[in-house]
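Per-entry structural report
Chain by chain, the residues run as shown.
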Amino acid sequence: MLKAGIFILVCECFDLLLLHEIERYMAKKANSLKNSKKTSGSAASKRSRKNPFKPVIAFLKSEKFRKVAGLFFVMFSVVLFFAFISYFFTWQADHAVKPGEDARNWIGKAGRAISMIFIERWFGIGSFAFVLLFFMFGVKWLMKVTLLPLWKTTRLALLFMLWFSLSLGFLFGGSDNFSVLGGEFGKVYSDILSEYLGRIGAGLLLLFIGLSYLIFNHDFSFGFLKGLISFKKKQADPRKGNKPGKEDKYNTAEFAVDDEEDPDDDDDEFVKPIPTSDIDDEDDERPEQLIVLDPSIPKADPDPQNEEIEMTIETPKSNGDSAEEEGEEEETEHHTIDEPYDPWLDLPGYKFPDLNLLEEYGTDEITVQKEELERNKNRIVETLSNYSIQIKKIKATIGPTVTLYEIIPAPGIRISKIKNLEDDIALSLAALGIRIIAPIPGKGTIGIEVPNSNPDIVAMKSVLGSDKFQNTKYELPFGMGKTIANESFIADLTKMPHILMAGATGQGKSVGLNAIISSLLYKKHPSELKFVMVDPKKVELTLYSKIERHFLAKLPDSEEAIITDTRKVVRTLNSLSIEMDNRYELLKDAQVRNIKEYNVKFKARKLSPLHGHRFLPYIVLVIDEFADLIMTAGKEIEVPITRLAQLARAVGIHLIIATQRPSVNIITGSIKANFPARIAFRVISKIDSRTILDTGGADQLIGRGDMLLSTGSDLLRLQCAFIDTPEIDKLTDFIGSQRAYPDAFHLPDFQDEQSEGPSDFDPNERDELFEDAARIIVQTQQGSTSLLQRKLKLGYNRAGRIIDQLEAAGIVGPFEGSKAREVKVATEVALEQFLKDLDQI
């Protein structure tokens, strides 16, 4: 009795608390209604009188009520859980309890009563679905955390409850000890089914319902039956079987990808259906959740046109990217008498990396709150209305870091007028990174991009695990991140065909490079792809040295595949030019136009290695800090880079260049002309943005991976996928631990003119001022042409010839770009002895 009294007292206190809150809200709303009657027109007062329950509805929508209701649901779900669990151990003892005795259930008499209602009289063991639903909705309302997709989970839980109750009632309805498993509902209705369909018919119907659910929701197949039939056939005819020594080499390219469901929209009170005709640009294979909001717009002078504005919020799915591809289909195999050549057989046991090597960051849910969308929408409309710009409709597309508000202005509004209000809208929203797209290409709308207050991190794992990447037919596919529509962006490097990447320090360039490299490592076999990596900073690309014998290329005499010395960079670029010329000769002999057609012919054994033909892997040149190379080597770097960018695409050599300084002396006109694909991270000024993209916008990004991709005419805003150093470490360890080639891929050897040494020196052709120049160089320890011009009052040509003679004699070192040449003679005494030895030659 004491427990019952306490329980009743708690319920009474809870009711009093709710009544107090309702009365307080009703009084508050009554005062606000009185004030609004004095200021608003007759139409508004009529609407307020028509809805007397508006204060109650406002209270039910309040944050406090949601938290209290959520806390109640969570605690009630815990009570149900322990009551149900206890019931299966104490139900027989509870039935034998006499009046006045305590119940054996862990929750007492209340737990016994609840368990008898839910389990015994209703749905049996299926009643545990109520525990899940109460707990899930309680956590959502209390902490605004979505554990599972609410409405989808609700539908599945109810289906689970009914089907299990019927199935267990069908199986154990006649047993005294196990009849509680299906509950009274399952027993009664299974008996009805058995009466009309018989025991066999009722069992088949329940089996049909269960299998239908598995087929529709989990793509269940009956492949085990097919395998059983084929196994029996093989036993019947033992002469037929697989040839020994053959393997399905393509099985190693399969990825273990977990299908993830996207959460449905959780704010049920704001959801109302939209006709299919009102949804624009939707993919039939990937339906999207749309919500329509009808908020009132707070303004000093209400305008009837603006009160009718609707905002459509579009929340596309994050991981359900469709497998539509724009790439070309694979070439048909050329059937010849011989077995087609397979480059994978060079490393037959190579295993592609698994997605479990990567980490998950952030969530796949849309984290933007409806209140934030409402606030931004109202401020945009209010700002535009202050300048007499009326809006017909607003549509919000929520992305991981940016929300795109597409507005349709009223007829007669000039687009340039809205474009000029960019700073005013940014001021009203109090946000950085506001960008106006007027108009959006391919749509009759104007876009306003507004950063989210709580941006989400796009994990590289979610991009590489998408269906779009897994099922792509691209030659060199790479995942860069996600668009504003929250779709994974997958592109083909062969179609770009070179990438120029620029941005300020710390804005995501190195992460972007790692995203491209890791994407290619996940998709290509070591025999199909080689990297030439240039890292003047010596710390960004060194992690990839573990895969040197798998994926890297270098000069034959080079010890390290990651190039950090400027002099070796010049040699490597010229070596790549030689490789390009050699490949063009092979393409000419094979009478094909590009590397794809050449490799198809070679695989079909239509090109003989005896005539110099070989399988050609793709080569990707990656330069992390291009500005440092231009400062130290200048034209020696720019000329081969420009030549490779102009000609190397057809032979499978592609360039990816990143720089921190997007100035005109670094990104020159000749370089920009041959790099149609440009990626701009956040920069400081509009001048830098125009240098990279030929247009503004990069200065308005928010940083941390926020980027603009220009492919010529289109400008796409993306959130770069994040991949951390430990993930790259695990990826390279996984690849490096496997069987590899004996050495890295060797590029053609190149010897520049300055590496010929002093053997070309002729003492009889020395300049008259040769010895004086040598003494000046040794005294100052500076091997500079300009120094000789000043000290000896010479012209540039003669001073340059003397420096060349000093280099040939071995007094100074080779040219090092903007740096002074190395002086190899330390003292004047050593120099005099050196000159005497030259005179004796």
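Refer to the preceding data block for the structure.
Residues numbered from 1 in each chain as written. Predicted model: local features only at pLDDT ≥ 70, side-chain atom pairs only at ≥ 80, totals over all residues. Heavy atoms only, no water.

Now for empty space enclosed by the protein. One pass over the full model with this rule turns up 3 cavities of 30 Å³ or more. Taken together, Gly399, Pro400, Thr401, Val402, Lys482, Thr483, Ile484, Asp706, Arg717, Leu718 and Gln719 make up the lining of the largest cavity. Sorting the residues of the lining of the largest cavity by element identifies strand E7 (477-483) and strand E16 (715-720) as the ones contributing at least two each. With 3 residues, the top contributor of residues to the lining of the largest cavity is E16. Partitioned by chemical class, the residues of the lining of the largest cavity number 4 nonpolar, 4 polar and 3 charged. (1 Å grid on protein atoms, 1.4 Å probe; cavity = no way out; pocket = protein on both sides within 12 Å on 5 of 7 lines; lining within 4 Å. Points joined across faces, edges and corners; volume = space filled by probe spheres on them. Helix = DSSP H or I, 4+ residues; strand = E, 2+ residues; numbered from the N terminus. Nonpolar A, V, L, I, M, F, W, Y, C, P; charged D, E, K, R; others polar.)

As a further point, take helix H24 (residues 725-736). The end-to-end C-alpha separation of H24 is 16 Å, in line with the 16 Å expected for 12 residues at 1.5 Å each. Among all positions of H24, only Glu727, Ile728, Leu731, Thr732 and Ile735 are buried. The arc that holds every buried residue of H24, seen down its axis, measures 130 degrees, which confines them to one face. In this structure, the buried side of H24 is in contact with helix H16 (509-523) and helix H17 (548-551). (Expected span 1.5 Å × (residues − 1). Buried < 20%, exposed > 50% of the residue type's maximum accessible area, 1.4 Å probe, protein only. Arc of directions from axis to C-beta. Contact = heavy atoms within 4.5 Å.)

Here we come to the nonpolar core. In this structure, Met480, Phe531 and Ile637 are the most contacted members of the largest nonpolar core, which totals 110 residues. Sorting elements by how many residues they give to this core places helix H18 (residues 566-590) first, with 8 residues. What Phe531 contacts, discounting residues up to four positions off in sequence, is Ile517, Leu520, Leu521, Phe551, Leu552, Ala553, Val620 and Val622. Residues Phe770, Ala774, Ile777 and Val823 belong to the second largest nonpolar core, which totals 22 residues. (Core = buried A, V, L, I, M, F, W, Y, C linked by side-chain atoms within 4.5 Å.)

Where helix H25 (residues 770-780) contacts helix H26 (residues 785-792), the axes come no closer than 10 Å and their chain directions differ by 115 degrees. The two elements H25 and H26 cross, and the hand of that crossing is right-handed. In contact with Asp772, Ala773, Ile776, Ile777 and Thr780 of H25, H26 contributes Leu787, Leu788, Lys791 and Leu792. A breakdown of the residues in the contact of H25 with H26 according to their chemical character gives 6 nonpolar, 1 polar and 2 charged. (Axes fitted to C-alpha atoms, helices over the stretch in contact; angles between N-to-C directions. Left-handed = near helix turned anticlockwise from the far one by under 90°.)

Let us now look at the pairing of strand E12 (residues 618-623). Within E12, 6 of the 6 residues are buried, leaving the element largely enclosed by the surrounding structure. With burial as the criterion, each face of E12 is covered, one bearing Tyr618, Val620 and Val622 and the other bearing Ile619, Leu621 and Ile623. As judged from the 6 bridges shared by strand E10 (residues 529-534) and E12, these two strands associate in the parallel manner. Directly across from Phe531, in E12, lies its bridge partner Val620. Taken together, the 5 bridges between E12 and strand E13 (residues 653-659) define a ladder with parallel strand orientation. Residue pairing for E13: Ile619 is matched across the bridge by Ile653. (Pairing = 2+ DSSP bridges.)

Another point: the environment of Phe72. Summarising the element assignment, Phe72 is placed in helix H4 (residues 63-95). Taking the C-alpha atoms as reference points, Phe72 and Phe135, separated by 63 residues in sequence, lie 9.4 Å from one another.

What follows deals with helix H20 (residues 626-633). Think of an α-helix as 3.6 residues a turn; residues three or four steps apart then line up on the same face. In terms of burial, H20 is a largely internal element, 6 of the 8 residues being buried. Along H20, the residues that are buried comprise Phe626, Ala627, Leu629, Ile630, Thr632 and Ala633. Close packing links the buried residues of H20 with E10, H18, E12, helix H21 (635-647), E13 and helix H22 (669-673). Taking the backbone nitrogen of Ala627 as reference, a side-chain oxygen 3.4 Å away marks Glu625 as the first, capping residue of H20. (Polar contact = N/O pair within 3.5 Å; in protein donor to acceptor, adjacent residues only side chain to side chain.)

What follows covers the packing of helix H6 (residues 128-143) against helix H7 (residues 150-172). Between H6 and H7, the least distance of the axes is 9 Å, while the angle of their chain directions is 165 degrees. Relative to H7, the element H6 is oriented roughly antiparallel. As H6 packs across H7, the resulting crossing turns out to be left-handed. Listed contacts from H7 to Ala129, Phe130, Leu132, Leu133, Met136, Phe137 and Lys140 of H6 are Leu150, Trp151, Thr153, Thr154, Ala157, Leu158, Phe160 and Met161. (Parallel < 35°, antiparallel > 145°, perpendicular 65-115°, else oblique.)

None of the figures reported here should be taken as evidence of function without further support.
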